[in-house]
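Each chain is listed here by its residues.
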Amino acid sequence: MTAEPVLTWLYVPGDRPDVVVKALACGADAVIVDLEDAVAPARKEYARAATAELLSDAAPVRVHVRVNALDGPLAEADLKTLAPLPGLSGLRLPKVTSPWDVVRVAEGAVRAEGGALGLYALLETALGVEQAFAVASAHHALRGIALGEADLRADLGVREGAGLDWARARVVVAARAAGLPPPSQSVYPDIRDLDGLAVSCAHGRALGFLGRAAIHPRQLPVIERAYLPTPEEIESAEAVVEAAAVHPGALALPDGRFVDAAVVAGAHRTLALARRG
């Protein structure tokens, strides 16, 4: 797998292997096989077995698995069965509320060839958000954190999306403070409202998110367009990099913009993201 940033994460139910196979070819940067919320209790065992069969060989894209609740009876079997498999790129841990949740999984989820598996913690409760930095810095196997907004909204009693902006900003800051990549946005639940999705992605980008989880392939192009740099942003970044190459240190561009090391670093990130597209 490459180190390119992931902009699109597509959730698919673990008890629908036919849907998972289609998802692998739909253009998402990463596919998340969901064994938790998307699978009815009576089909949990089947979902795990079907997912294990799928991951017995290397996958064409990153494949993550969201395991069942860590404090429930199914997570241990999920981890033991799936962690060693060659097709698995990472584990999504639901409803993380403490650093110990991450440490406990990291110490047990060992790859067949040795070493810890990349973990991603989902913060879905008020307690999880309060522990954001502690979770984000809990273990070197942690590769990222993200919000689970549906559960968090229910926990907080928040009706409007704006009521989650403080929690969103906190998670972005916690991830960066811990040296993790910017988190991806939580899913947008209305798969028909692509205009609303685009507006929501623009808001998330302004808050510091990078990329987004999706629940339907039709959402993927909208997310990618929202998070890739615009032609204007690319042109601006190129001007900054070119000027900095000629005049190292702080300077003012002809259009009046002040450029220092932080601005140059941001321009390089923009161009790297543009090359990804």
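Our subject is the structure listed above.
Okay, so let's go over this structure.

**Observations concerning the packing of aromatic side chains**
- Under the criterion given, the structure shown has 1 aromatic pair.
- When the ring of Trp 9 is compared with that of Tyr 120, the centres are 5.7 Å apart and the planes differ by 65 degrees; the resulting orientation is edge-to-face. Placement of Trp 9 in strand β1 (residues 8-13) and of Tyr 120 in strand β5 (residues 119-123) is noted, with a sequence separation of 111 residues between them.
- Residue class for Trp 9 comes out buried when judged on its relative accessible area of 7%.
- Look at Tyr 120 and you get buried, because its relative accessible area is 18%.
- Sitting over the ring of Trp 9, Arg 92 keeps its end group 4.8 Å from the ring centre.

**Let's talk about empty space enclosed by the protein**
- Per the stated rule, a full pass over the model turns up 1 cavity of 30 Å³ or more.
- In this structure, the largest cavity encloses a volume near 30 Å³.
- Lining the largest cavity are Gly 14, Pro 17, Val 20, Val 33, Ala 50, Thr 51 and Leu 54.
- Of all the secondary-structure elements, those providing two or more residues to the lining of the largest cavity are α1 (17-24) and α2 (44-54).
- Looking at which element gives the most residues to the lining of the largest cavity, the answer is α2, with 3 residues.
- Looking at the lining of the largest cavity, its residues break down into 5 nonpolar, 2 polar and no charged.

**Observations regarding the nonpolar core**
- In this structure, Val 65, Leu 91, Leu 119 and Ile 145 are the most contacted members of the largest nonpolar core, which totals 65 residues.
- In contact with Leu 91, not counting residues within four places along its chain, are Val 65, Val 67, Leu 79, Ala 109, Leu 117, Gly 118, Leu 119 and Tyr 120.

**Side note on unusual backbone geometry**
- Despite not being glycine, Lys 95 has its phi angle at roughly 50 degrees, a positive value.
- Along the chain, Lys 95 turns up in the loop between β4 (90-93) and α4 (99-108).
- What makes Lys 95 partly exposed here is its relative accessible area of 29%.

**Observations regarding the environment of Val 39**
- Secondary-structure assignment places Val 39 in the loop between β2 (30-34) and α2.
- The contact partners of Val 39, leaving out residues within four places of it in the chain, are Gly 14, Asp 15, Asp 34, Lys 44 and Ala 47.

**What about the pattern of salt bridges?**
- Enumeration over the complete set of coordinates arrives at 15 salt bridges.
- In this structure, Arg 43 engages Asp 15 in a salt bridge whose closest nitrogen and oxygen atoms are separated by 2.7 Å. Here the residue Arg 43 occupies a position in the loop between β2 and α2, and Asp 15 occupies one in the loop between β1 and α1, the gap between them amounting to 28 residues.
- Taking the relative accessible area as the measure of exposure, Arg 43 reaches 35% and is therefore partly exposed.
- Judged by its relative accessible area of 10%, Asp 15 is buried.
- In this structure, the salt-bridge partner of Glu 36 is Lys 95, at a minimum N-O distance of 2.8 Å. Of this pair, Glu 36 sits in the loop between β2 and α2 while Lys 95 sits in the loop between β4 and α4, placing them 59 residues apart in sequence.

**Structural notes on the packing of helix α11 (residues 231-246) against helix α12 (residues 261-276)**
- Packing of α11 against α12 brings their axes to within 9 Å, and their N-to-C directions diverge by 130 degrees. On the basis of the axis angle, α11 is oblique to α12. As α11 runs across α12, the sense of the crossing is left-handed. In this structure, α11 uses Glu 233, Ile 234, Ala 237, Glu 238, Val 240, Val 241 and Ala 244 to contact α12, whose residues at the interface are Val 263, Val 264, Ala 267, His 268, Thr 270, Leu 271 and Ala 274.
- Residues belonging to the contact of α11 with α12 are distributed by class as follows: 10 nonpolar, 2 polar and 2 charged.

**What to know about the pairing of β4**
- Neither face of β4 is exposed, since Gly 90 and Arg 92 on one face and Leu 91 and Leu 93 on the opposite face are all buried.
- Sheet topology places strand β3 (residues 62-66) next to β4; 3 bridges connect them, and they run parallel. Paired with Val 65 across the two strands is Leu 91, which belongs to β4.
- Crossover connection from β3 via helix α3 (residues 75-82) to parallel β4: handedness right-handed.
- Summarising the sheet, β4 and β5 pair through 3 bridges and their orientation is parallel.

Thresholds, definitions, all that
Per-chain numbering applies: the sequence of each chain, read as written, is numbered from 1 onward. The predicted origin of the model limits local features to residues at a pLDDT of at least 70 and limits the giving and counting of side-chain atom pairs to 80 or more, whereas totals for whole chains, interfaces and linings rest on all residues. Excluding hydrogens and water, the side-chain figures rest on all heavy atoms present in the structure. Between 30 and 60 degrees the pair is tilted, below 30 it is stacked and above 60 it is edge-to-face, where a pair is any two Phe, Tyr or Trp rings, Trp via its six-membered ring, whose centres lie within 6.5 Å. Helix numbering and strand numbering both begin at the N terminus, where a helix is a DSSP run of H or I of at least 4 residues and a strand a DSSP run of E of at least 2. Using a 1.4 Å probe on the protein chains alone, a residue whose accessible area is under 20% of its type maximum counts as buried, one over 50% counts as exposed, and one in between counts as partly exposed. For a Lys NZ or an Arg CZ to count as sitting over a ring, it must be within 6 Å of the ring centre and within 35 degrees of the ring normal. With a 1 Å grid laid over protein atoms only, a set of points is called a cavity when a 1.4 Å probe fits there but cannot get out and a pocket when it is open yet has protein on both sides within 12 Å along at least five of seven lines; lining residues have an atom within 4 Å of a point. Grid points are joined across faces, edges and corners, and a volume is the space filled by probe spheres set on the points. Under the grouping applied here, Gly and all other residues not named as nonpolar or charged are polar, the nonpolar ones being Ala, Val, Leu, Ile, Met, Phe, Trp, Tyr, Cys and Pro and the charged ones Asp, Glu, Lys and Arg. Only buried Ala, Val, Leu, Ile, Met, Phe, Trp, Tyr and Cys residues count toward a nonpolar core, and they belong to the same one when joined by side-chain atoms within 4.5 Å. What makes two residues a contact is simply this: any of their non-hydrogen atoms within 4.5 Å. We count a salt bridge whenever a side-chain nitrogen from Lys or Arg sits within 4 Å of a carboxyl oxygen from Asp or Glu. The axes are straight lines fitted to the C-alpha atoms, using for helices just the contacting stretch, and the angles between their N-to-C directions are given from 0 to 180°. To sort the angles, those under 35 degrees are grouped as roughly parallel, those over 145 as roughly antiparallel, those from 65 to 115 as roughly perpendicular, and the leftovers as oblique. Each crossing gets its hand from how the near helix is turned against the far one by less than a right angle, where anticlockwise is left-handed and clockwise is right-handed. DSSP-based pairing: two strands are paired if at least 2 bridges between them are found. By convention a crossover is right-handed if, when the strands point away from the viewer, the path from the first strand over the helix to the second runs clockwise.

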